Structures are given as C-alpha cells and as structure tokens.
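Given next are the chains, with one letter for each unit.
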Amino acid sequence: MRNMLIAVVLLTKLSFTGLADEIQRPNVLFIAIDDLRNELGCYGVEAIQSPHIDELAASGVAFRRAYCQQAVCNPSRVSLMTGMRPDSTRVWDLITEMRSVIPDAVTVPQHFRSHGYRAVAYGKIFHNPFPDAASWDEPTHNPQGVISYSEDNRLRLAEYRKQMKKDGRPQSVIARMRGPATEVQQQPETKNYDGKQTRDALEKMTELARGEKPFFLAVGYIRPHLPFIVPQPYWELYNRDQIPLATNSFLPRDSPAVAFGNRSLGGFYEIRAYMDYADAPSPFERPLSVHQQRELKHGYYASVSFIDAQVGLLLQQLESLDLHQNTIVVLWGDHGWKLGEHGAWCKQTNYEIDTRAPLMIRAPGAKANGTMSNALVEFVDIYPTLCELAALPVPESVEGTSLVPILKGESSSVKEAAYSQFPRTHEGREYMGYAMRTDRYRYIEWQDQTTGSVTAQELYDHSNDPDENQNIAGRPEHEGLLTLLSEQMWKERPRPPVPHPFVTLRNTRTAAARRSAADLPALAWVPHEGMSLPVSRPAGIPQAVTFINAGRETIELFWRSQKDTEESYGTLVPGDRKVIRSRPGAVWAIRTEQNQLLGHFLVEERPQNAARAIIPEKR
C-alpha cells in the first residue's frame with residue numbers, strides 16, 4: 001500500500017501550494033456518467049434515490065451550476081478531456097474523431113501519464129467509437145460476457161424489423177431501429193454492462209494500489225443513457241404513479257424555430273430509434289402520453305439509482321484500500337437531458353436543461369469539502385483544476401479556469417459566465433448557436449455559419465423564469481440588454497471566423513472526396529422536376545460508383561428496382577462518400593431525411609468500370 005499517514009497529511013497541505021512534486025502525488029478517480037442531469041438528491045430532487053452520489057457530494061464540493069460546452073456526447077467529452085472549447089477542438093458532431101482534426105492534442109489522462117501517472121480507463125470516457133489509445137497505458141477496458149436486451153426483446157425487435165421491411169420502410173431506418181426503450185432486467189448485476197465493468201474496475205483499483213506510480217483511474221457508465229435496461233431491484237425502488245412529471249411540456253414561447261431545428265427536433269429524434277417510440281409525436285405536435293412519460297421517467301430513475309449503487313462500490317473500495325485520503329474523486333455527467341421539459345426527451349439544445357450537468361470534486365484536505373457551490377463553472381475547468389491539485393503544469397492549450405480557489409474556500413467564483421454552443425441545420429442552411437449563462441440570464445445568439453450574420457436571439461431571465469419557458473429577446477425594453485450581453489460574450493471569447501470552421505471542415509471533407517474521385521467520369525445528375533423516376537434496367541458489367549454528398553444536408557441513397565420499388569443504401573452526411581457496385585441501367589434516387597426527392601442518377605457503362613456521382617447542393 002502506497003499511502004502513509006504522514007505523507008497524506010503533508011499532501012493535503014502542500015498540494016494546494018504547488019509543492020506536491022516533492023512528495024507523493026494524489027491518485028485520481030475519474031467517474032463519467034452518460035446523460036446524467038442534476039436529477040439527484042444532493043441537488044434537491046426528493047423523488048430520486050441516489051444516496052452514494054449524495055454522500056460524495058456531502059464529502060466534497062458539489063457544483064450546482066456546472067455547464068458542458070456542447071450538449072451531445074462526442075463534442076462535450078472531447079472538450080472536457082482536452083480543456084478546449086468546441087471551436088478550438090473542431091469537434092462539433094458525433095462523427096468527427098478527435099485525432100483527425102487535432103492530432104497533437106494532449107488529453108488530461110495523457111498529461112498525467114507524461115508526469116508519472118498510470119492511466120487506465122473502463123467503459124465510456126470518450127465517445128464510444130473513439131476510445132483514444134494515446135490517453136491510456138492500457139487499451140480501454142470494456143466488460144465481457146454481458147447481456148443487453150433479453151432474448152424475448154431481441155426476438156421482438158427482429159419481428160418488428162421484418163414488419164418494417166414488409167411495410168416498405170427504408171433500409172437505413174430499419175437498421176437504426178432498436179429494441180424497446182425500457183427493460184426490467186431479470187439477471188444478476190454482473191451480466192449488466194455497467195455492473196460488470198464496476199467489478200472489473202474494483203479489481204484494477206486493487207492492482208493499481210499496489211503499484212509504485214500514482215494512478216488516474218477512469219470509469220465511464222452508459223446508463224442512464226437510453227435504453228433504460230437495469231436490474232429489477234432498481235425499478236422496485238419507485239412507484240411509477242408517484243414520480244412527478246415535467247410541468248412545462250411545451251416549447252419555449254417565442255423561441256426561434258432554429259433553436260430546435262427542422263431535422264433534429266432538439267434531439268427528440270433519438271427516442272424514435274426505439275421500437276415502442278418509433279411513432280412518437282414531435283414536440284411541435286404534442287407531448288408524449290402520460291403513460292409514456294411515466295414509463296420513461298421511471299426507467300431514467302431506475303437507471304440513476306443503479307449507477308448510484310455502482311459509484312458506491314467504487315467509493316467503498318477506496319475506503320477499504322485506504323486510498324480515500326490520497327485520492328481526488330471527480331464525478332461528472334457529460335450533459336443534461338430532457339425528461340419531458342419543453343415536450344422533449346434527450347438532449348441537443350442550448351437550453352439550461354441540456355447544458356447543465358452534475359459536477360463534484362472531492363480533493364483531500366480541501367477546505368470547502370462538504371459545501372455546495374453556486375459558482376458558474378464549465379467542464380473545460382476540470383482539466384486545469386486537476387493539474388493544480390496534483391501540482392502539474394497546465395498546458396497552454398487549456399482554455400478553462402482552475403476551480404482550486406473555490407475548493408480552498410478562498411473565492412466563491414472564478415468567472416462571470418459559462419458558455420455552450422450547438423450547430424443546427426435549419427431550412428437548408430447551417431447555423432451555430434452560442435449560449436452564455438450569466439448569474440441571471442441565458443443569452444443565445446444564432447449565427448449563419450456562412451455569412452456570420454446573427455439571425456436570431458434568445459433571452460431567458462432566471463430570476464423569474466428558471467425553466468426558460470419564455471424567450472423575451474423580442475421585447476423592445478430588452479434591446480439594450482441584448483447589446484450588452486452580446487458584447488460580453490464576444491469580449492470573453494474569440495468570435496468565430498467567417499465562414500465558420502464547421503462549414504470549412506465540411507467543405508474540406510467534400511473536396512477530399514472529390515479529389516479522390518476526380519479522375520473518374522461523372523454520372524449526370526438529374527434534378528427532380530415533378531416527373532416520375534425511370535425504372536431500373538440493370539445489365540452488363542458492374543461499375544464502382546462513388547456517391548459524394550456535396551450538399552449542406554444529410555441525404556439518403558435509394559436503389560430503384562425493376563419492380564419500381566426502392567431499397568435504401570444508407571445516409572450520407574455533407575462531405576461524405578460511399579462506393580457501391582451497380583450495373584449499368586440502374587437508377588439511384590436521392591432523398592432528404594424528410595423523404596423529399598432531390599433527383600437521381602442513371603448508371604452508365606464506363607471503360608474503367610467506375611464512375612462518380614456528385615450530389616449537388618439543394619436548390
């Protein structure tokens with residue numbers, strides 16, 4: 001065991017003075033929880049049971065007003081792990097791999113590794129497809145032998161997909177469909193992903209405690225992300241009929257349409273990927289039924305209590321190994337989540353309910369331990385805070401502010417505002433919404449990514465509208481306030497270049513795709529002008545056709561059969577490409593995700609047995 005009482009006492013005094021280099025550095029237990037909003041007992045929610053996380057909050061500093069930099073998984077986690085905002089990381093979506101745009105970025109565990117720490121990860125720390133090997137001493141551990149859906153629900157999903165195919169649904173929609181949104185799991189916790197990885201992490205903690213190096217142990221939980229699949233005992237903690245429902249199941253009054261977007265509906269589309277919610281109405285139509293709301297909220301609550309129990313096991317292991325006096329514990333949710341607020345479910349807006357998330361830091365010997373902070377803080381602040389606590393230098397790239405003055409009890413705040421942002425495709429154009437949360441207001445500015453012009457503004461007064469139900473930006477008496485808030489926003493952060501780098505990134509992807517197919521002959525694009533599509537008559541030698549989306553919105557690719565039916569071959573985001581082997585005479589239709597026909601290509605025979613099909617921008 002590396003911990004010695006004298007060293008611990010010294011560390012608690014010296015780690016705040018920058019002298020911890022001379023003695024044993026503290027360990028770090030880094031706990032990430034997917035889709036966890038401030039729905040915890042320690043934040044005043046009486047209906048939920050979260051005793052272990054509440055205990056952590058009571059023994060450390062819990063931040064009531066902590067904000068992610070973008071309310072969706074990949075950008076939020078990249079921002080937190082690098083200490084840089086999305087406009088600096090250039091990660092604004094779920095498909096961009098961090099190292100493809102910032103290959104030399106130094107993440108917080110990578111920085112700790114370079115200063116003598118052993119860094120190990122379990123589960124979801126970065127976005128799932130991009131675990132980032134450079135950050136860890138071992139490949140990210142994922143539990144083996146676990147079960148997701150029960151056999152009954154797997155069979156239900158298979159039958160549901162068969163029916164979708166019979167009904168003529170696009171293949172891409174069928175492929176995205178998942179099982180039910182909730183399941184009461186009738187199996188041991190060790191067969192659950194999060195339950196099994198907790199037991200694996202406990203074993204690793206024991207191993208790390210015997211080592212000579214301080215450790216950075218990261219454990220990332222999937223729940224309470226959909227689907228809500230957790231063991232039965234956690235469902236039994238709640239009476240479904242007694243769980244309170246959201247009181248504002250309507251869109252913010254006078255909010256601009258771009259705030260939710262005509263494609264994403266403020267993230268609502270995510271829940272439609274589950275078979276029992278595939279036909280759920282959008283927030284623009286009406287809220288879910290009371291039965292559906294109670295089912296989903298029960299599932300979320302059961303999931304939170306299940307994860308709370310896993311966190312309890314981690315904290316108990318720290319105690320049993322006598323590591324708690326020399327271990328910094330950080331717990332965070334990657335963004336907020338709507339549980340019926342604004343008539344929606346999931347995340348992906350610039351509102352308080354999506355950008356605010358739990359943050360707790362328990363540092364050994366911190367004077368403020370046991371208090372709740374009202375300071376405005378951001379997830380980019382976690383990186384420099386951990387560096388200062390461990391007496392490590394802070395990389396120049398980090399854009400956050402250390403929270404150590406708050407932890408030491410020397411200051412009640414370190415900044416005047418917290419910032420978030422979110423891109424939105426709306427009516428064929430790309431926008432970036434920038435949000436600033438001050439002590440009293442949330443101000444949101446929507447910019448056209450191509451021109452940089454401000455196309456819409458939102459203003460919510462938290463002194464009398466904490467749920468952000470009424471946008472007051474359009475009221476004449478607030479014109480001067482809007483000017484002041486906009487000036488404050490762009491004084492404290494760099495204004496993005498025009499066109500926005502997000503547009504530039506997409507254009508770069510498109511150009512790269514075009515260059516790789518530049519030497520291929522082009523198929524003629526036939527825009528849809530009201531005429532019926534021709535019927536496919538494929539024959540001859542197959543051609544390798546490279547389809548390239550050169551437009552501004554995601555499209556779906558369909559093959560027209562000889563029987564005048566369509567089969568989906570998936571979607572292409574702007575700048576993306578896909579190579580498909582197709583015989584001459586085949587017809588390929590291009591539709592928007594709203595099923596609007598844009599045009600088609602007719603495959604022709606080429607000597608190279610290859611061609612390119614460039615889908616132009618929508619007119």
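In case you missed it, the structure is sitting above this.
Report on the accompanying structure. As the structure is a computational prediction, the values presented were derived from the model and not from experiment.

**Re the sheet that holds strand S23 (residues 610-615)**
- A sheet is described by the order of its strands in space; here three strands give the open sequence S20-S17-S23, paired in mixed fashion. Across the chains shown, the open sheet's two edge strands, defined by having one partner strand only, are strand S20 (577-582) and S23. The sheet shows a mean angle of 25° between the axes of neighbouring strands, direction not considered.
- The pairing of strand S17 (residues 543-549) with S23 spans six bridges and is classified as parallel. Of the residues in S23, the one forming a bridge with Phe547 is Ala613.

**Let's talk about the nonpolar core**
- One finds Phe30, Phe63, Phe112, Phe216, Leu359 and Leu386 to be the most contacted residues of the largest nonpolar core, which totals 69 residues.
- With 63 residues, the next largest nonpolar core counts Leu56, Tyr149, Tyr274 and Trp345 among its residues.

**Thoughts on the packing of helix H9 (residues 193-209) against helix H11 (residues 290-320)**
- At their nearest, the axes of H9 and H11 sit 10 Å apart, and the two run at 10° to each other. One element, H9, and the other, H11, form an angle in the roughly parallel class. In contact with Asp194, Gly195, Thr198, Arg199, Ala201, Leu202, Met205 and Thr206 of H9, H11 contributes Phe306, Ile307, Gln310, Leu313, Leu314, Gln317 and Leu318.

**Digging into the pattern of salt bridges**
- Considering all chains together, one arrives at 30 salt bridges under this definition.
- The shortest N-O distance in the salt bridge between Glu378 and Arg85 comes to 2.7 Å. Of this pair, Glu378 sits in strand S11 (residues 371-378) while Arg85 sits in the loop between helix H3 (73-82) and helix H4 (86-89), and the two are 293 residues apart along the sequence.
- You can call Glu378 buried: its relative accessible area is 1%.
- For Arg85, a relative accessible area of 13% gives the class buried.
- When salt bridges that share partners are traced, they join Asp34, Arg77, Lys124 and Asp334 into one network.

Rules of the game
Residues numbered from 1 in each chain as written. Predicted model: local features only at pLDDT ≥ 70, side-chain atom pairs only at ≥ 80, totals over all residues. Heavy atoms only, no water. Pairing = 2+ DSSP bridges. Helix = DSSP H or I, 4+ residues; strand = E, 2+ residues; numbered from the N terminus. Axes fitted to C-alpha atoms, helices over the stretch in contact; angles between N-to-C directions. Core = buried A, V, L, I, M, F, W, Y, C linked by side-chain atoms within 4.5 Å. Buried < 20%, exposed > 50% of the residue type's maximum accessible area, 1.4 Å probe, protein only. Parallel < 35°, antiparallel > 145°, perpendicular 65-115°, else oblique. Contact = heavy atoms within 4.5 Å. Salt bridge = Lys/Arg side-chain N within 4 Å of Asp/Glu carboxyl O.

Spatial relationships are all this shows, so hold off on functional conclusions.
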